[in-house]
Structure formats: C-alpha cells, structure tokens
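Read off the chains here:
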Amino acid sequence: VATLPWPAGVVLGIVGFLVIRFVFPMFGSGPLVSMLSPALTIFAFFWLAACLLAAFGSAVKEKARQRLLDTRTNLESLSATGWRNFERLVGEAFRRQGYAVDENHQAGPDGGIDLVLHKNGRRTLVQCKQWKAFKVGVDVVRELYGVMAAKGTTGGFVVTSGRFTEDAKAFADGRNVQLIDGPKLFSMVKQAKQST
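Residues numbered from 1 in each chain as written. Predicted model: local features only at pLDDT ≥ 70, side-chain atom pairs only at ≥ 80, totals over all residues. Heavy atoms only, no water.

## Some points on the pairing of strand β3 (residues 122–129)
Counted residue by residue, β3 has six buried out of eight residues, so it is predominantly covered. Between strand β2 (residues 115–119) and β3, which pair antiparallel in sequence order, lie two residues; one of them, Asn120, sits at a positive phi of approximately 55°. Here β3 runs beside strand β4 (residues 155–160); their pairing, made up of six bridges, is parallel. Directly across from Lys129, in β4, lies its bridge partner Thr160. (Buried < 20%, exposed > 50% of the residue type's maximum accessible area, 1.4 Å probe, protein only. Helix = DSSP H or I, 4+ residues; strand = E, 2+ residues; numbered from the N terminus. Pairing = 2+ DSSP bridges.)

See the structure below:
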C-alpha cells in the first residue's frame, strides 16, 4: 500500500474496513459469527489504521520527491545529489510527464534497471547513471538493450548527469533506446517544474 499513490491507500483502507466490518458478517449467522464478530471489528480497525499509515508514508515520499526535483536549479545541482536521490529525481521527472513509475527498492547501486515506466499500456525500462567524471559508454547502452529483449519491453532510457560516448550514441541510434544526458535531463526537469 505504501508504494501506491496516497489517495489509493486511503480508498483501500476505507473499502477494506467496510467490507470486513459490515459485509463479511452478512454471510453467516449463529454462534460462530457472534464469536468472530469482535475479532472482525478489531481486524477492520487494524486494516484501516495500517492503510492510512501507509498512505501517509506514501504522501510524505511523494512530497520529498517533488521537493527534490523542485530544488534542482542548474546542471551542477543534478550532479551534486547522491545516486539514490538521482534515481528518485529522474523518476519524479517522468511522473510529471504522465508516467506511472515503479522504483527499484533494492539497497545499493545495482548496475541494472532502476525504474520501470508505464504509460498507455507500454512498459519502458530506465537505467540511471550519475557519472560525473567520465562519459557513459556503449556497454551500458548494450546492457539495457539486452535487458529490454530479455524482459520483452519495447523501449528504454539511459539517463545520466554527464555525457555519452560517440559509440554509445551510435549504438542507440536506430534502436528504441533513448539517451538523456545532463543538459537534456535538466531541460526535462525545467519542463516538469513548469507542469505543476
């Protein structure tokens, strides 16, 4: 529930509460239902509280992601954030373009897929590389392309706060892999800020 948008968590909590509290008891009668009724009431309130707490957590995370994106004022500020916040920032920029975004919640840099985007029935993979000192090479783009084929997705993005090598650009050309370098990302961030 905490990974859902916060309004969905609130609705899920209320609907679950009503079903557990009022609908379940309607399907039975007798001493067993009378005995279980207090337990169902407790469980219904527990369900509601858990969903509302998860929705609150989701709302706090959403606000933090928005603040993260809104505080990026120049290209250097994109590079100054940590790798995990960089992934969150990229995710929020895509969210503001109308994508539903699934974040990879594994701890530590994984070298693989960081975000999965959903829009218009299509699934797109995103690999984030917050590399400041050197350019993102063709191996990274090839890796994403291989994962796209293995997972049956038709599109992918490699996003970096830096630049791409010419080999990486050449490999992506003609394939459904889009490269977003630092300047393009900052432009995307500026557009995302204007959309709110």
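## Side note on helix α4 (residues 83–95)
With 13 residues, α4 ought to run about 18 Å at 1.5 Å a step, and its terminal C-alpha atoms sit 18 Å apart, in line with that. When α4 is considered as a whole, its buried residues turn out to be Arg84, Phe86, Glu87, Leu89, Val90, Gly91, Glu92, Ala93 and Phe94. (Expected span 1.5 Å × (residues − 1).)

## As for the pairing of β4
Along β4, six of the six residues are buried, which leaves the element largely enclosed by surrounding structure. The alternating pattern of β4 places Gly155, Phe157 and Val159 and Gly156, Val158 and Thr160 on opposite faces, both of which are buried. Pairing analysis gives four bridges linking β4 to strand β5 (residues 177–180), with the strands arranged parallel. For Phe157, the partnering residue across the bridge sits in β5 and is Gln178. Of the crossover connections in this fold, the one passing from β4 over helix α6 (residues 166–172) to the parallel β5 is right-handed. (Right-handed = clockwise from strand over helix to strand, strands pointing away.)

## Thoughts on the packing of α4 against helix α7 (residues 182–194)
Axis separation between α4 and α7 bottoms out at 9 Å; the angle between their running directions is 55°. Relative to α7, the element α4 is oriented oblique. The hand of the α4/α7 crossing is left-handed. Side by side, α4 and α7 meet where Phe86, Leu89, Val90, Ala93 and Phe94 of the first sit next to Leu185, Met188, Val189 and Ala192 of the second. The residue makeup of the contact of α4 with α7, split by class, is nine nonpolar, no polar and no charged. (Axes fitted to C-alpha atoms, helices over the stretch in contact; angles between N-to-C directions. Parallel < 35°, antiparallel > 145°, perpendicular 65-115°, else oblique. Left-handed = near helix turned anticlockwise from the far one by under 90°. Contact = heavy atoms within 4.5 Å. Nonpolar A, V, L, I, M, F, W, Y, C, P; charged D, E, K, R; others polar.)

## Some thoughts on the sheet that holds β4
Ordered in space as β1-β2-β3-β4-β5, the five strands form an open sheet in which the pairing is mixed. On the outer flanks of this sheet lie β1 (100–103) and β5, each paired with one strand and no other. The average undirected angle you get between the axes of adjacent strands in this sheet is 20°. Against the sheet, helix α5 (residues 138–151) contacts β3, β4 and β5, and its axis sits at roughly 155° relative to β3.

## Observations concerning a nonpolar patch on the surface
Taken together, the side chains of Ile14, Leu18, Phe22, Val23, Phe24, Met26 and Phe27 define a hydrophobic patch exposed on the protein surface, amounting to about 760 Å² of accessible area. Assignment of secondary structure puts Ile14 in helix α1 (residues 6–23). (Patch = residues over 30% accessible without salt bridge, like charges linked within 9 Å, V, L, I, M, F, W, Y side chains within 5 Å. Areas by Shrake-Rupley, 256 points an atom, 1.4 Å probe, with all protein chains shown as cover. Salt bridge = Lys/Arg side-chain N within 4 Å of Asp/Glu carboxyl O.)

## Considering the pattern of salt bridges
The tally for this structure, following the rule as stated, stands at eight salt bridges. The partner of Glu92 in a salt bridge is Arg96, and the shortest N-O contact between them spans 3.0 Å. On the basis of relative accessibility, which here comes to 4%, the residue Glu92 falls in the buried class. Between Asp181 and Arg163 there is a salt bridge, and its shortest N-O distance comes to 3.7 Å. On the criterion of sequence distance, the pair formed by Asp181 in the loop between β5 and α7 and Arg163 in the loop between β4 and α6 is long-range, its members being 18 residues apart. Residue Asp181 is classed as buried on the basis of its relative accessible area, which comes to 15%. Among the residues examined, Arg163 registers a relative accessible area of 45% and is labelled partly exposed.

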